[in-house]
Amino acid sequence: MKLPELKIGSLVAKIPIIQGGMSIRVSTSALATPVAECGGIGTIGGSGIPTAELQEDIRKAKEATKGVIAVNIMYAMKNFYDLVMASIEAGADMIITGAGFSRDIFKIGKQHNIPIVSIVSSPGLASMAEKLGASAVIVEAAEAGGHLGTDISLRDLFPTIRKVISKIPLIAAGGITNGFEIAEMMDKYGADGVQVASRFVLSRECSVSDEFKQAFLKAKEEDIVLVSSPVGMPGRAIKTPFVDKMLNDEDISVKKCLFQCLKKCNHKYCISERLMASFSGDLLNGLFFSGANTFKMKEILSVKEIFDNFVKTAESVYKEKFATY
């Protein structure tokens, strides 16, 4: 059976897949545009880059597609509101936000008529987001890459949040790698769509270096570990010499903070510096955020090939939409 559309506010994605917004410069217009062209929601990672660069990238994406372009911005960023307003001014269709919770963002969304989508990891925050005016909620569970708000698996967490959300779309995220899992989350668990991030790193269009992609391809299950982030949350990443130093409690502290990017930072290390290193393929010093199931991914494909595989597989087993709102 054909997968249903995903409607968020007045926006419609013909395929119920949101491409996760990975920072820094992992999810750019180069990735978000073909995702939107395939009928999904293409997301630009808006954290940790200058506002002018972000605006230029948003405009580039909007000029190249009539599909939906979102921007993901971490609430933990010191210039969170500047990034939000810059994204709206540049023409973003949607703002997705997590790594903390903002109440004021919903007022901005209403004022500028732009959907706000909250990434949450608990029923309480999900319910609050819906009441405050979120247009959709993304349930991000323990299998996700990057910053984590829970240690509960997706298939245990999602049902607890499905019980409290009834008026807006609820989207599943964390460790989803294929169409069978997409259909499972929608059929069995009642998701209105899914968010997928790590799989799109292994796309030809993703802007990261080939060394970054090879790190994903070579990663074994035991190579994907939990680390401590200076944001104040745990994160999931691939083991590298830098991560080994962290796990062995070696001194990786920042002598001088060059970026001043976070509202709260323990200065144990500079996350912006380490993510920039990973983007450029520095296997010694980079922090390579990764979903728990990255080890299952064995090839680099085009975005269209990834979408075609997702949709063909999902529709081969998908039965009916779980209607709740």
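Read on for a plain summary of the structure. Note that the structure is predicted; figures quoted are calculated from it, not measured. (Residues numbered from 1 in each chain as written. Predicted model: local features only at pLDDT ≥ 70, side-chain atom pairs only at ≥ 80, totals over all residues. Heavy atoms only, no water.)

**Topic: the pattern of salt bridges**
For step 1, the next point in the chain: Following the criterion strictly, the structure yields 9 salt bridges and no others.
For step 2, the next point in the chain: Between Glu5 and Lys14 there is a salt bridge whose closest N-O contact spans 3.8 Å.
For step 3, the next point in the chain: Residue classification places Lys14 among the exposed residues on the basis of a relative accessible area of 56%.
For step 4, the next point in the chain: Across the salt bridge formed by Lys304 and Asp308, the nearest N and O atoms sit 2.8 Å from each other. (Salt bridge = Lys/Arg side-chain N within 4 Å of Asp/Glu carboxyl O. Buried < 20%, exposed > 50% of the residue type's maximum accessible area, 1.4 Å probe, protein only.)

**Focus on unusual backbone geometry**
For step 1, the next point in the chain: Look at the link from Ser23 to Ile24: it is a cis peptide, with omega at -5°.
For step 2, the next point in the chain: Structurally, Ile24 can be placed in the loop between strand 3 (17-19) and helix 1 (29-37).
For step 3, the next point in the chain: Notably, Arg25 is not glycine yet its phi reads approximately 65°, a positive angle.
For step 4, the next point in the chain: Looking at the element boundaries, Arg25 is found in the loop between strand 3 and helix 1.
For step 5, the next point in the chain: The backbone of Asp249 sits at a positive phi, close to 60°, despite the residue not being glycine.
For step 6, the next point in the chain: With respect to the helices and strands, Asp249 occurs in the loop between helix 10 (241-247) and helix 11 (271-279).
For step 7, the next point in the chain: For Asp249, a relative accessible area of 66% translates into the label exposed. (Helix = DSSP H or I, 4+ residues; strand = E, 2+ residues; numbered from the N terminus.)

**Here's the deal with the packing of aromatic side chains**
For step 1, the next point in the chain: Tallying each qualifying case throughout the model produces 8 aromatic pairs.
For step 2, the next point in the chain: Relative to Phe80, the ring of Tyr75 has its centre 5.1 Å away and its plane inclined at 85°; by these criteria the two rings are edge-to-face.
For step 3, the next point in the chain: Taking relative accessible area as the criterion, Phe80 reaches 0% and is therefore assigned buried.
For step 4, the next point in the chain: Both rings, one in Phe212 and one in Phe288, keep their centres 5.0 Å apart while their planes meet at 70°; by these two values the pair is edge-to-face. Highlighted residues: Phe212 in helix 9 (residues 210-218) and Phe288 in the loop between helix 11 and helix 12 (303-317), separated in sequence by 76 residues. Each of the two residues, Phe212 as well as Phe288, counts as buried.
For step 5, the next point in the chain: The structure contains a cluster of three or more aromatic residues connected by ring pairs, namely Tyr75, Phe80 and Tyr81. (Phe/Tyr/Trp six-rings, centres within 6.5 Å; stacked < 30°, edge-to-face > 60°.)

**Points about helix 5 (residues 123-132)**
An α-helical turn contains 3.6 residues, so any two residues separated by three or four positions project in the same direction.
For step 1, the next point in the chain: By the burial criterion, the buried members of helix 5 are Ala126, Ser127, Ala129 and Glu130. The buried residues of helix 5 occupy an angular sector of 160° when projected down its axis, which confines them to one face.
For step 2, the next point in the chain: Buried residues along helix 5 sit against helix 4 (104-112), strand 7 (116-120), strand 8 (136-140) and helix 6 (154-162).
For step 3, the next point in the chain: Phi turns positive, to about 120°, at Gly133, one or two residues after helix 5. (Arc of directions from axis to C-beta. Contact = heavy atoms within 4.5 Å.)

**As for the sheet that holds strand 9 (residues 146-147)**
For step 1, the next point in the chain: With antiparallel pairing, 3 strands are arranged side by side in an open sheet as 9-13-12. One side of each edge strand has no neighbouring strand; the edge strands of this open sheet are strand 9 and strand 12 (224-228).
For step 2, the next point in the chain: Two elements, strand 12 and strand 13 (residues 234-238), share 5 bridges in a ladder whose sense is antiparallel. Bridge pairing links Val225 to Ala237 in strand 13. (Pairing = 2+ DSSP bridges.)

**Things to note about the pairing of strand 6 (residues 94-98)**
For step 1, the next point in the chain: Counting buried residues in strand 6 gives 5 out of 5 residues, a clear majority hidden from the surface.
For step 2, the next point in the chain: Here strand 6 shows two buried faces, one formed by Met94, Ile96 and Gly98 and the other by Ile95 and Thr97.
For step 3, the next point in the chain: In this sheet, strand 6 lies alongside strand 5 (residues 68-74) in parallel orientation, the contact comprising 5 bridges. Counted as the bridge partner of Val71 is Ile95 from strand 6.
For step 4, the next point in the chain: At this point the chain moves from strand 5, through helix 3 (residues 80-90), to the parallel strand 6, and the crossover so formed is right-handed.
For step 5, the next point in the chain: Handedness of the crossover joining strand 6 and strand 7 through helix 4: right-handed. (Right-handed = clockwise from strand over helix to strand, strands pointing away.)

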